[in-house]
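Secondary and tertiary structure notes
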Amino acid sequence: MNAHQHFIGGAWTGSEATLPVINPSHGQEMARIARGGAKEIDAAVKAGHAAMDGEWGRLDAASRGRLMLKLADLIRRDAEILAKMESEDVGKPLTLARNDAQVCARYFEYYGGAADKVHGDTIPFQNGFTVMTVYEPHGVVGVIVPWNYPLQMTGRSVAPALAMGNAVVLKPAEDTSLSALHLAKLAAEAGFPAGSLNVVTGLGEEAGAALAAHQGIHHISFTGSREVGTLIQTAAAKNTIPVTLELGGKSPQVVFADADLAEAGTVIVKAITQNAGQTCSAGSRVVIEDTIYDSFTADLARRFKDLRVGAGEQDLDLGPVVNAKQCERVQGYIDLARRDGLTILAEGELGTNVPGEGYYVRPTLIGDVPPDHRLAQEEIFGPVLVAIRVRDEAEALKVANGTEYGLAAGIWTSDLGRALRLSKGIKSGQVFVNNYGAGGGVELPFGGVKGSGHGREKGFEALYGFGSMKMIAIKHGV
Ligand code: TXE
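Residues numbered from 1 in each chain as written. Predicted model: local features only at pLDDT ≥ 70, side-chain atom pairs only at ≥ 80, totals over all residues. Heavy atoms only, no water.

Notes on the pattern of salt bridges
The final tally for this structure, using the stated rule, is 29 salt bridges. Among the salt bridges present, the one from arginine 77 reaches aspartate 78, with a minimum N-O distance of 3.0 Å. Arginine 77 sits in the partly exposed class, given a relative accessible area of 47%. Put simply, aspartate 294 and arginine 389 hold a salt bridge, and the shortest N to O gap is 3.6 Å. One end of the pair, aspartate 294, is in helix H11 (residues 290-306); the other, arginine 389, is in strand S18 (residues 384-390), with 95 residues separating them in the sequence. Note on aspartate 294: relative accessible area 54%, which makes it exposed. On the accessibility criterion, arginine 389 (32% relative accessible area) is partly exposed. Shared partners join several salt bridges into a network, and the residues in it are Arg76, Arg106, Glu109 and Glu443. (Salt bridge = Lys/Arg side-chain N within 4 Å of Asp/Glu carboxyl O. Buried < 20%, exposed > 50% of the residue type's maximum accessible area, 1.4 Å probe, protein only. Helix = DSSP H or I, 4+ residues; strand = E, 2+ residues; numbered from the N terminus.)

In structure tokens:
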């Protein structure tokens, strides 16, 4: 069994207390991590400040970029180690974990290339002045990531923060900290100066809360539940620092009779069952035009029944969910559907060789769910798809917009006018027409509106979010 330590100021250091790391495919302890709290967070924030005042703060943008490209190469070198680690830690099928490792490398590559391309402007002003804008890092940035895509989420926030020249204190999720610790090891190997990237492991309410409330951080980036996101924003308000929140969703997939229905079926099932439904942008409501409702849900049901569930290393369509709490939570929604007399259209099978101690949930399709029912309103974060029947485009739009969330939406139609009307009418951070997720491209800005949060991850937008613009006005006379 491994005892993993924090990475603070370029050194590995432990805590007296440790936490178990459970492999959700088998329900068994596979490692232990250090249980950090306020003391370790304080040390990490101080290390971040020292880095900003020292070698890291003095590096020019191109040098930062080169370090990041080196790190991208090292992630690719260790991709198989990282994928196996992630698959065991999260329970995800190996193929998915392999993709996560590649996407993580891609984040460091993309932002490594972008580090020296953050240009300011010159602004025409009165005679005798030269006015310019420059981007500067915030300083020490706190990053708290969830457990569903640890490698991807870490790359998504840490890479742009570093590219902009910030020092980072990262608090991974307590269930899934191993890949973040491996990344820290690789960052040291790549030559990142001490204190530029610090990782403190521990519980959300201890290490996470201490990070969010620390007066020495200048920005906080959080991905997780709405409940905790509200706490993070409150803590940030007390320190008057900017915050980026990505808080999940209840994203609709709207399907019309004129769509390529075979393609829609394939993509819609994948979008709610990939990673056992634990994806912030999972398409968790399928909103279907009345004329094709019965045939389309019958097709979805067939596909749900064909899904194969198994341990991460079996590399099937779905693994378990991340932990016992999440398993109970998702199962609770399926039980609620039964209690309320909703129609269960399909339940996937658990294979005969699914390990008995793991946290498995049967992928479930539920039909004719009233749009205001809890199953159609709340983020379940499991492989549970609710189908909603609508008469026409107007009702589809109303249903699509009828939750507190606004992260992503899919529109399936061959009518260009309708696709454009709905793209504009749907209140969400991203809209996909005749696809869903656009392959997860790191170049594409991503984030929410309404209860899904604010600020943008990915693309150049994320870089700007990790910096602040300074205006310099120079009076030199004519
Ligand atoms: O999330 P938490 P949970 C949603 C999803 C899921 C639900 C609950 O619906 O079912 O949230 O999951 C850290 N101060 N999403 O309870 O607690 C924690 O250590 C500071 C959607 O596991 O929000 C972890 O690193 N930090 C989502 C991170 O917050 C705290 C992904 C997320 O955990 C903290 C995950 C505190 N007081 C869950 N408490 C998405 N947007 O993709 C916890 N944390």
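Once the structure has been displayed, the description carries forward.
A few points about the side chain of threonine 297
Within the element layout of this structure, threonine 297 appears in helix H11. Its relative accessible area of 5% is what places threonine 297 among the buried residues. Setting aside residues up to four positions removed in sequence, threonine 297 forms contacts with Ile288, Leu345, Leu365 and Ala387. (Contact = heavy atoms within 4.5 Å.)

Examining the side chain of asparagine 148
The residue asparagine 148 is located in the loop between strand S7 (140-144) and helix H6 (150-163) in this model. Separated by 3.2 Å, the side chain of asparagine 148 and the backbone oxygen of glutamine 278 make a polar contact. In this view, asparagine 148 contacts Val90, Lys92, Met153, Asn275, Gln278, Thr279, Cys280 and Phe381; residues no more than four positions away in its chain are not counted. (Polar contact = N/O pair within 3.5 Å; in protein donor to acceptor, adjacent residues only side chain to side chain.)

A word on the UniProt feature "domain: Aldehyde dehydrogenase" (unreviewed entry) in the protein chain
On the UniProt side, "domain: Aldehyde dehydrogenase" (unreviewed entry) is annotated at positions that read residues 12-471 here. Counted over residues 12-471, helix gives 43% and strand 20%. Its end C-alpha atoms are 40 Å apart. (UniProt positions renumbered as here; feature names shortened; annotations may be inferred.)

Some details on the site of the ligand
Taken together, 29 residues form the shell around the ligand, and within it Trp147, Lys171, Glu174, Ser225 and Glu379 come nearest. Residue asparagine 148 places a side-chain N or O atom 3.3 Å away from an oxygen atom belonging to the ligand. The side chain of glutamate 246 places a nitrogen or oxygen atom 3.3 Å from a nitrogen atom of the ligand. Surface burial for the ligand is 90%, taken as the share of its 810 Å² of free accessible area covered by protein chains. Of all elements in the fold, only helix H8 (204-213), strand S10 (219-223), helix H9 (226-239) and helix H12 (324-339) reach the threshold of two or more residues within the shell around the ligand. Class assignment of the residues belonging to the shell around the ligand gives a composition of 14 nonpolar, eight polar and seven charged. The two domains that each donate at least three residues to the shell around the ligand are domain 1 (6-247) and domain 2 (252-441). (Near = heavy atom within 4 Å. Areas by Shrake-Rupley, 256 points an atom, 1.4 Å probe, with all protein chains shown as cover. Nonpolar A, V, L, I, M, F, W, Y, C, P; charged D, E, K, R; others polar. Domains from an automatic or database assignment.)

Details of the UniProt feature "active site" (unreviewed entry) in the protein chain
According to UniProt, the positions carrying the feature "active site" (unreviewed entry) are Glu246. By secondary structure assignment, the location of glutamate 246 is in strand S11 (residues 243-246). When its relative accessible area of 1% is taken as the criterion, glutamate 246 is described as buried. With residues up to four places along the chain from it excluded, the contact list for glutamate 246 reads Arg156, Phe222, Thr223, Gly224, Cys280, Leu407, Phe446, Ser452 and Glu457. Within the structure, the side chain of glutamate 246 is placed 2.8 Å from the side chain of arginine 156, a separation counted as a polar contact.

Some remarks on the nonpolar core
Core analysis: the largest hydrophobic core is formed by 81 residues, its most contacted members being Ile75, Phe108, Tyr111, Phe192 and Ile220. Per-element tally for this core: the top contributor is helix H5 (residues 94-114), with nine residues. Ignoring anything within four residues of it in the chain, the contact list for tyrosine 111 reads Met68, Ala159, Pro160, Ala163, Val442, Lys458, Gly459, Ala462 and Leu463. With 61 residues, the next largest nonpolar core counts Val255, Val309, Leu375 and Leu422 among its residues. (Core = buried A, V, L, I, M, F, W, Y, C linked by side-chain atoms within 4.5 Å.)

Topic: helix H3 (residues 61-77)
In this model H3 runs 24 Å from its N-terminal to its C-terminal C-alpha over 17 residues, within 8% of the 24 Å that 1.5 Å per residue would give. Three or more residues of H3 are buried, namely Ser63, Arg64, Gly65, Leu67, Met68, Leu71, Ala72, Leu74 and Ile75. Looking at the buried side of H3, the elements it contacts are helix H2 (55-58), helix H4 (79-90), H5, H6 and helix H7 (178-190). (Expected span 1.5 Å × (residues − 1).)

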